[in-house]
Amino acid sequence: EVQLVESGGGLVQPGGSLRLSCAASGFTFSSYAMSWVRQAPGKGLEWVSAIDSGDGITHYADSVKGRFTISRDNAKNTLYLQMNSLKPEDTAVYYCAKGAGTGSYDYWGQGTQVTVSS
């Protein structure tokens, strides 16, 4: 059974940092691209970042480029999102998602809440 479990969310002041983790199990983690997707209150899903399998090439939405860093530890079956210089508009539930090989996702975690507020 595929499981994705996010952690690391919380309340942080503007300009602060958080690191999200996503523990994966039930599939060969290293073989799949992984993504972070977020949903702000009252808004739709927004893709944030992705990391390819194999070469580990990373991709970012313009809204987070230069502030967020995605990484993966295939030995630990864990995906990370380092978030720096956080802004109130980064407030959202953050989900990790397993790539389905077609640009879509076939499994999602339960999400972790990130709130950026003073």
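A quick note: this is a predicted structure, and the numbers were derived from the prediction, not measured.

(A) Quick peek at the nonpolar core. The biggest cluster of nonpolar side chains holds 28 residues, and the ones touching the most others in it are Trp36, Phe68, Leu79, Leu81, Met83 and Tyr94. For this core, the elements supplying multiple residues, two or more each, are strand E3 (18-25), strand E4 (34-39), strand E5 (45-51), strand E7 (68-73), strand E8 (78-83), strand E9 (92-99) and strand E11 (112-116). In terms of residue count, E3 provides more of this core than any other element does, four residues in total.

(B) Local environment of the environment of tyrosine 95. As for its placement among the helices and strands, tyrosine 95 is situated in strand E9. Owing to a relative accessible area of 18%, tyrosine 95 belongs among the buried residues under this scheme. Measuring from C-alpha to C-alpha, the distance between tyrosine 95 and valine 5 comes to 8.9 Å, with 90 residues separating the pair along the chain. Those residues in contact with tyrosine 95 that sit more than four places away from it in its chain are Glu6, Ser35, Trp36, Val37, Gln39, Leu45, Trp108, Gly109, Gln110 and Gly111.

What counts as what
Residues numbered from 1 in each chain as written. Predicted model: local features only at pLDDT ≥ 70, side-chain atom pairs only at ≥ 80, totals over all residues. Heavy atoms only, no water. Core = buried A, V, L, I, M, F, W, Y, C linked by side-chain atoms within 4.5 Å. Buried < 20%, exposed > 50% of the residue type's maximum accessible area, 1.4 Å probe, protein only. Helix = DSSP H or I, 4+ residues; strand = E, 2+ residues; numbered from the N terminus. Contact = heavy atoms within 4.5 Å.

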